[in-house]
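Residue strings, one per chain:
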Amino acid sequence: MKIEQLYTGCLAQGAYYVESEGEVAIIDPLREIQQYVDKAKANNAKIKYILETHFHADFVSGHVDLANKTGATIVFGPGATTKYDIHSAKDGEELKIGNITIKVLHTPGHTLESATYLLIDENGKNHAIFSGDTLFLGDVGRPDLAIKSDLTKEDLAGMLFDSLRNKIMPLADDIIVYPAHGAGSACGKNLSKETVGVLGEQKKTNYALRADMTKAEFVKEVLDGIAPPPQYFAKNAMMNKMGYDAFETVLKTGDVALNPDEFEAMANHESALVLDVRPQSDFIKGHIPNSIFIGLNGQFAPWVGALIKDIKQPIVLVVPEGKSAEAVTRLSRVGYDNTLGYLKGGLDAWKQAGKDVETLDSISVEEFAKRAKANPINILDVRKDGEYQSSHIIDAQHLSLDFINEKMNEVSKDKTYYVHCAGGYRSVIAASILKARGYDKLIDVDGGYNAIKETDIKTTDFVCPSTL
């Protein structure tokens, strides 16, 4: 028996490769499927099942492409309906892979069709659960993503309580837990940085598994403090349910080199968004006017999904040398399949063609502290709500990057703003979006709040985020 977790940090997502006696199950695959095909081929094995724990909302799964390429059967939990062929498993149904068994446990709550897959080894011993978004390490899945007209988030939270108590908690403490996500995912509130654990430890430490917890207490605690889901979640869930274009097609049409004139024509005549995915330091030094920065070196795909409202938005890319295919791939992971190409030769080619370039003002934290002491200044903190509430510069204005499109009118075009986040990535994203909308008096603070708090600038007393 072989179990391998294939973890993708940008999405904080775990896919799984399970093999026994030449037969393979892939659990919650990513959009780019060749890695699974290659792994099975290298092991002289055949992919038999593609197990989906639920209709994912935070990424587009590779299940449809993988089934088309390998002939494997797609399995969902009870009640799942799709536009493509699947096996909708019954609660308690057992699937055979070589000498091992995978038992389907219907665990509704995160979504109605959510399933946890219990792996039973060749000796008949319960070995592990692939818990999807039902159980994370340190948390459980949010119950507000699959609401039908006759179900509230409270109803779903109640279902999740029952699923955990009736299907998960009765299992032995030594069961290994393989969740679908770790820290950084918006599918829960308090996910651990660890990506593999054991059930006994979760029973001791996970707030949602307290033995003396009532259903009412669970519903209140699991819903408390949940931020609104990013806007792309519902769109990704629909793509996972209805199907999508083959990834190979998306990559072929998106990974196209464009000379500066072709690139400019795409931006002007096809209404394509110019998305600059280089490191923020490069964007600061020079970028195409009205381009938006979201760097590949950060949580690229989730921020694209949160901030680019139209999932069908035509996009042209400014990329580091050799990174065009990676950028198109990572866009496709969250359903942004309408990339039209990338700027061949990058910004150097753009400059050599005599086209306009802009820069973003950026200063060191030392210079920022000096200016803040000399005169009153306007400070814009674009960190998340919890980060700001935990500690912030006194008198700083807060505008979370998550909601910048909706709350931009809270910023004045007549004022100069010093923009910061925690480390410098999100502040440049925010500044690029504001600049593209005509806000031209923006100064980025290099190093962000992590550097600011080491100066003598006055900040509020720190409050542990877990107490908020």
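Residues numbered from 1 in each chain as written. Predicted model: local features only at pLDDT ≥ 70, side-chain atom pairs only at ≥ 80, totals over all residues. Heavy atoms only, no water.

Where helix H10 (residues 300-307) contacts helix H16 (residues 425-436), the axes come no closer than 13 Å and their chain directions differ by 30°. The angle between H10 and H16 falls in the class roughly parallel. Along this stretch, H10 crosses H16, giving a crossing that reads as right-handed. Facing Phe-300, Trp-303 and Leu-307 of H10, the residues of H16 in contact are Tyr-425, Arg-426, Ile-429 and Ile-433. Residues that form the contact of H10 with H16 fall into these classes: six nonpolar, no polar and one charged. (Axes fitted to C-alpha atoms, helices over the stretch in contact; angles between N-to-C directions. Helix = DSSP H or I, 4+ residues; strand = E, 2+ residues; numbered from the N terminus. Parallel < 35°, antiparallel > 145°, perpendicular 65-115°, else oblique. Left-handed = near helix turned anticlockwise from the far one by under 90°. Contact = heavy atoms within 4.5 Å. Nonpolar A, V, L, I, M, F, W, Y, C, P; charged D, E, K, R; others polar.)

Within strand E17 (residues 339-343), four of the five residues are buried, which leaves it mostly tucked inside the rest of the structure. One ladder, built from two bridges, connects strand E13 (residues 257-258) with E17; its direction is parallel. Each bridged residue has a counterpart across the sheet, and for Ala-257 the counterpart in E17 is Tyr-342. Of the crossover connections in this fold, the one passing from strand E16 (residues 315-318) over helix H11 (residues 324-332) to the parallel E17 is right-handed. (Buried < 20%, exposed > 50% of the residue type's maximum accessible area, 1.4 Å probe, protein only. Pairing = 2+ DSSP bridges. Right-handed = clockwise from strand over helix to strand, strands pointing away.)

This part covers the environment of Ala-216. Take Ala-216: it is sitting in helix H5 (residues 215-223). The exposed category is assigned to Ala-216, whose relative accessible area is 59%. In this structure, the C-alpha to C-alpha distance between Ala-216 and Ile-226, residues ten residues apart in sequence, is 17 Å.

Here the focus is unusual backbone geometry. Backbone geometry at Asp-28 places phi at a positive 50°, although glycine is not the residue there. Mapping Asp-28 onto the fold places it in the loop between strand E3 (23-27) and helix H1 (34-42). Non-glycine residue Asn-290 carries a positive phi angle of around 70°. Using a relative accessible area of 53% as the deciding quantity, one classes Asn-290 as exposed.

This brings us to the pattern of salt bridges. By the definition in use, this model includes 24 salt bridges. Of the charged contacts in the structure, one is a salt bridge between Asp-174 and Lys-125, with a shortest N-O distance of 3.0 Å. Highlighted residues: Asp-174 in the loop between helix H3 (153-168) and strand E11 (176-179) and Lys-125 in the loop between strand E9 (115-120) and strand E10 (126-132), separated in sequence by 49 residues. Under the relative-accessibility criterion, Asp-174 is labelled partly exposed at 46%. Residue Lys-125 is classed as partly exposed on the basis of its relative accessible area, which comes to 43%. One salt bridge connects Asp-144 with Arg-142, and the closest N-O pair in it is separated by 2.7 Å. Owing to a relative accessible area of 15%, Asp-144 belongs among the buried residues under this scheme. Judged by relative accessible area, which is 5%, Arg-142 ranks as buried. (Salt bridge = Lys/Arg side-chain N within 4 Å of Asp/Glu carboxyl O.)

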